[in-house]
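Notes for the structure review
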Amino acid sequence: MPKIRSNRAAAKRFKVTGTGKIVRAKANKSHILTKKSRKRKRDLRRSTVVDAINVGSIRRMLPYL
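This report concerns the structure included in the present document. Just so it is clear, the model here is predicted, and its values are computed rather than measured.

**Describing the overall build of the protein**
- Counting its secondary structure elements, the protein contains three helices and three strands.
- A compact globule built from 65 residues should have a C-alpha radius of gyration of about 11 Å, whereas the protein, at 15 Å, is more than 25% larger.
- For the protein, the C-alpha atoms occupy an extent of roughly 50 × 25 × 20 Å along the three principal directions.
- Residues counted as buried form 14% of the 65 residues belonging to the protein.
- Residue pairs in contact within the protein that sit at least 24 positions apart in sequence constitute 57% of those at least 6 positions apart.

Have a look at this one:
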């Protein structure tokens with residue numbers, strides 16, 4: 001059997017923690033930043049854990065994580 005190919009777009013966007021959780025960056029931090037508050041922009045810098053409902057589809061895209 002050949003190896004399954006990873007989805008390269010997903011591989012660039014998601015990482016796996018040591019405990020096996022999938023981590024993602026937050027959206028809305030690329031442009032139109034002047035109207036967003038300093039606190040909001042600071043919170044967008046931090047990464048967050050992917051919701052449980054989406055974990056299955058990400059694991060299918062990234063079979064070797």
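**Some details on the nonpolar core**
- One finds A10, F14, I22, V50, I58 and L62 forming the largest nonpolar core, which totals six residues.
- When near neighbours in sequence (up to four residues on either side) are disregarded, F14 contacts I22, V23, R24, V50, I58 and L62.

**What to know about the pattern of salt bridges**
- With the rule as written, the count across this model stands at two salt bridges.
- In this structure, K26 engages D43 in a salt bridge whose closest nitrogen and oxygen atoms are separated by 3.1 Å. Of this pair, K26 sits in the loop between β2 (22-24) and α2 (38-45) while D43 is found in helix α2, placing the two residues 17 residues apart along the sequence.
- Using a relative accessible area of 26% as the deciding quantity, one classes K26 as partly exposed.
- Residue D43 is classed as partly exposed on the basis of its relative accessible area of 32%.
- As a salt-bridge pair, R46 and D43 come within 2.9 Å of each other at their nearest N and O atoms.
- Each of K26, D43 and R46 takes part in a single network of salt bridges with overlapping partners.

**Topic: the sheet that holds β2**
- In spatial order, the strands read β1-β2-β3; together these three strands make up an open sheet with antiparallel pairing. Sheet topology places β1 (14-16) and β3 (48-49) at the edges, where each strand pairs with a single neighbour.
- Pairing of β2 with β3, which is carried by two bridges, proceeds in the antiparallel orientation. Residue pairing in the sheet places R24 in a bridge with T48 of β3.

**What to know about the side chain of K36**
- Within the element layout of this structure, K36 appears in the loop between β2 and α2.
- Buried and unpaired, K36 has D43 as its nearest opposite-charge partner, separated by 12 Å.
- Side-chain polar atoms of K36 contact the backbone oxygen of N28, separated by 2.8 Å.
- Among all residues touching K36, those that are not within four sequence positions of it are N28, H31 and K41.

Definitions and cut-offs
- Residues take numbers from 1 onward in each chain, read along the sequence in its written order.
- Reporting of local features is limited, given that this is a predicted model, to residues whose pLDDT is at least 70; pairs of side-chain atoms are given and counted only at 80 or more, and all residues count toward the totals for whole chains, interfaces and linings.
- Just so you know, side-chain values use all the structure's heavy atoms and leave hydrogens and water out.
- Where helices and strands are cited, they refer to DSSP runs of H or I of at least four residues and of E of at least two residues respectively, numbered from the N terminus.
- Radius of gyration here is computed from C-alpha atoms only, and the compact-globule reference equals 2.2 Å multiplied by the residue count raised to the power 0.38.
- Note on exposure labels: buried denotes an accessible area under 20% of the residue type's maximum, exposed denotes more than 50%, and partly exposed covers the range between, all computed with a 1.4 Å probe on protein chains only.
- In what follows, residue pairs with any heavy atoms lying within 4.5 Å of each other are defined as contacts.
- Definition used in this section: a nonpolar core is a set of buried Ala, Val, Leu, Ile, Met, Phe, Trp, Tyr and Cys residues joined via side-chain atoms within 4.5 Å.
- Put simply, a salt bridge is a Lys or Arg side-chain nitrogen that is within 4 Å of an Asp or Glu carboxyl oxygen.
- Each pair of strands is called paired provided DSSP finds at least two bridges between the two strands.
- Only four residue types enter the charge count: Lys and Arg as positive, Asp and Glu as negative, with His and the chain ends excluded.
- For the purposes of these results, a polar contact is taken to be a pair of N or O atoms within 3.5 Å, where, inside protein, one atom must be able to donate a hydrogen and its partner to accept one; residues adjacent in sequence count only when each atom of the pair is a side-chain atom.

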